[in-house]
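Breakdown of the fold
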Amino acid sequence: MGDTRRVVDGERRATARPLRPAAPPDDGTRSIPQPRRERDSLPPNPPADPPRDAGAAADAGAAADAGAEPGAKTDAEPGADGGREGTDAGPETKAEAVAESGGRRRRMPFAHAVRTRPTQLTVGAARATRAWSRRPGGRTTLPALFLLALVAAAATAGAVVVPAAVGRPETVAEATPSQSVPQTAAAPATPPLPELTDLPGTTAPTGTPLPGATTAPVLPAGRPADAFTGWAQRVSAVTGVPVVALQAYAYAELVLAQTNRGCQLSWTTLAAIGYVESRHGAANGATLQADGRALPEIKGEPLDGQGGRSRILDTDQGLLDGDRVHDRALGPMQFIPTTWQEIGADADGDGVKNPHDIDDAALAAGLYLCKGGRNMTIPGDWWGAILSYNDVRRYAQAVFDKADEYGRLSRNVR
């Protein structure tokens with residue numbers, strides 16, 4: 001291979017130039033390069049620790065003087081301001097700097113090690129994210145993350161905006177402007193009928209008479225609702241409801257109070273339905289007679305699906321409504337034939353369940369509203385009952401407004 005030193009040196013001479021040995025300090029410490037711009041960024045140099053003894057300091061100084069060579073590089077380097085940095089005593093060699101500082105290493109503040117600005121980091125992260133989103137993996141993952149964030153935001157907004165709706169259904173009463181039952185008047189002041197056990201149109205439980213009833217009372221001759229004549233006249237003067245209709249509504253309330261005490265239906269609700277349905281038996285030019293019948297008979301439009309009406313084909317062969325094609329609503333409370341056949345009542349004791357008789361119709365309406373164990377003093381049950389009668393929100397609101405009006409007007413009537 002020849003002379004390897006010649007190959008290494010790249011020179012064609014027989015001898016290689018020897019390397020100059022390093023001259024470390026005699027005390028074994030190594031020189032520590034100082035960072036640039038030390039004057040602007042580093043705090044003032046701490047005072048040098050005093051040497052352990054004068055002899056050690058002298059030995060260290062002599063060693064430094066003896067080890068320094070001509071042309072040796074000093075510890076100070078050009079700074080940012082163009083001057084040569086160093087201590088207040090002037091330029092020093094590495095050994096002298098180490099000797100004066102007691103051999104301690106100066107620590108550089110972290111701020112000098114990280115010189116990247118936050119804006120540069122943000123721009124770099126944005127560029128990296130954009131490059132990743134253009135790759136196949138990014139194109140699949142990024143839309144999924146966006147959709148997940150959107151769903152989470154929607155769920156959070158829903159939980160915050162409608163906390164009352166989370167975990168329970170909204171009742172009909174909460175969906176309407178008024179969230180209560182209508183104002184009800186006090187019980188009729190006219191002496192009511194005594195404790196009744198066998199009321200017309202109802203079936204009392206066999207062998208379980210109501211409390212306070214020992215013998216069957218003697219019902220007044222003629223129409224039972226006539227017992228409320230005095231009270232009905234006073235209430236009619238402030239509400240405008242016909243006396244005959246008020247008698248029927250009050251009697252229906254009394255019957256239900258004896259046979260279905262949990263319902264607690266008020267006459268004001270029945271009166272409001274009677275007003276909305278037929279103006280208390282005055283629709284189509286009809287008039288309530290003294291016995292409670294509306295003449296001429298009130299029959300609604302055919303339920304043929306036209307004009308916003310429901311479509312109900314004939315169910316009674318025209319026996320009640322006279323129409324063999326479609327059903328029609330009947331009487332002051334506007335029952336359709338199928339409902340009347342199910343819930344019809346005989347409130348006046350004449351042996352006939354007549355939907356055109358306001359006594360029978362008012363009691364049947366009360367029985368229908370109280371079905372299913374409803375309590376009409378509970379807002380949810382009240383609104384549910386009215387909507388079961390006619391499932392139209394405007395209809396239910398109109399009944400509420402009228403019942404509330406009747407209750408307020410008659411509150412002080414005794």
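Structure first, text after, so check above.
Thresholds applied
- Residues numbered from 1 in each chain as written.
- Predicted model: local features only at pLDDT ≥ 70, side-chain atom pairs only at ≥ 80, totals over all residues.
- Heavy atoms only, no water.
- Helix = DSSP H or I, 4+ residues; strand = E, 2+ residues; numbered from the N terminus.
- Buried < 20%, exposed > 50% of the residue type's maximum accessible area, 1.4 Å probe, protein only.
- Contact = heavy atoms within 4.5 Å.
- Areas by Shrake-Rupley, 256 points an atom, 1.4 Å probe, with all protein chains shown as cover.
- Phe/Tyr/Trp six-rings, centres within 6.5 Å; stacked < 30°, edge-to-face > 60°.
- Lys NZ or Arg CZ within 6 Å of the ring centre and 35° of its normal.
- Core = buried A, V, L, I, M, F, W, Y, C linked by side-chain atoms within 4.5 Å.
- Disulfide = S-S within 2.5 Å.
- Axes fitted to C-alpha atoms, helices over the stretch in contact; angles between N-to-C directions.
- Parallel < 35°, antiparallel > 145°, perpendicular 65-115°, else oblique.
- Left-handed = near helix turned anticlockwise from the far one by under 90°.
- Nonpolar A, V, L, I, M, F, W, Y, C, P; charged D, E, K, R; others polar.
- Patch = residues over 30% accessible without salt bridge, like charges linked within 9 Å, V, L, I, M, F, W, Y side chains within 5 Å.
- Salt bridge = Lys/Arg side-chain N within 4 Å of Asp/Glu carboxyl O.

1. Some thoughts on the overall build of the protein
Looking only at helices and strands, the protein has 14 helices and two strands in total. With 414 residues in all, the protein has 32% of them scored as buried. Contacts in the protein between residues far apart in sequence, at least 24 positions, make up 58% of those at least 6 positions apart. Carbon and sulfur atoms make up 55% of the accessible area of the protein, which amounts to about 25,200 Å² in all.

2. Looking at the packing of aromatic side chains
On inspection of all chains with the given rule, the structure shows seven aromatic pairs. A ring pair is formed by Tyr368 and Tyr389, whose centres lie 5.8 Å apart and whose planes are at 85°; its orientation type is edge-to-face. Placement of Tyr368 in helix H12 (residues 358–369) and of Tyr389 in helix H13 (residues 379–389) is noted, with a sequence separation of 21 residues between them. Take Tyr368 and Tyr389: they sit in the same class, and that class is buried. Connected via pairs of aromatic rings, a cluster forms that spans Phe335, Trp340, Tyr368 and Tyr389. Positioned over the ring face of Tyr275 is Arg279, at 4.2 Å from the centre of the ring. For the cation-ring pair, Lys402 lies above Tyr275, with the distance from its terminal atom to the ring centre recorded as 4.2 Å.

3. Overview of the nonpolar core
Ranked by size, the top nonpolar core spans 57 residues in total, and within it Tyr249, Phe335, Leu369 and Tyr389 carry the most contacts. Of all elements in the fold, only helix H8 (229–239), helix H9 (243–259), helix H10 (267–278), helix H11 (337–343), H12, H13 and helix H14 (393–409) reach the threshold of two or more residues within this core. Of the residues forming this core, the biggest block, eleven residues, is contributed by H9.

4. Quick word on the state of the cysteines
Each disulfide consists of one covalent bond between the sulfur atoms belonging to two cysteines. The final tally for this structure, using the stated rule, is one disulfide. Between the sulfur of Cys263 and that of Cys370 lies a disulfide, 1.8 Å long from S to S. Between Cys263 and Cys370, the S-S torsion sits near -75°, and that sign places the bridge as left-handed. Here the residue Cys263 occupies a position in the loop between H9 and H10, and Cys370 occupies one in the loop between H12 and H13, the gap between them amounting to 107 residues.

5. Regarding the packing of H12 against H13
Look at H12 against H13: their axes get within 9 Å of each other, and the N-to-C directions meet at 120°. The angle between H12 and H13 places the two elements in the oblique class. Here H12 and H13 pass one another in a crossing that is right-handed. In contact with Ala365, Tyr368 and Leu369 of H12, H13 contributes Ala385, Ile386, Ser388 and Tyr389. In the contact of H12 with H13, the residues fall into six nonpolar, one polar and no charged.

6. Some points on a nonpolar patch on the surface
A cluster of nonpolar side chains, namely Phe146, Leu147, Leu150 and Val151, defines an oily patch on the protein surface of about 440 Å² accessible area. Within the secondary structure, Phe146 is located in helix H7 (residues 136–161).

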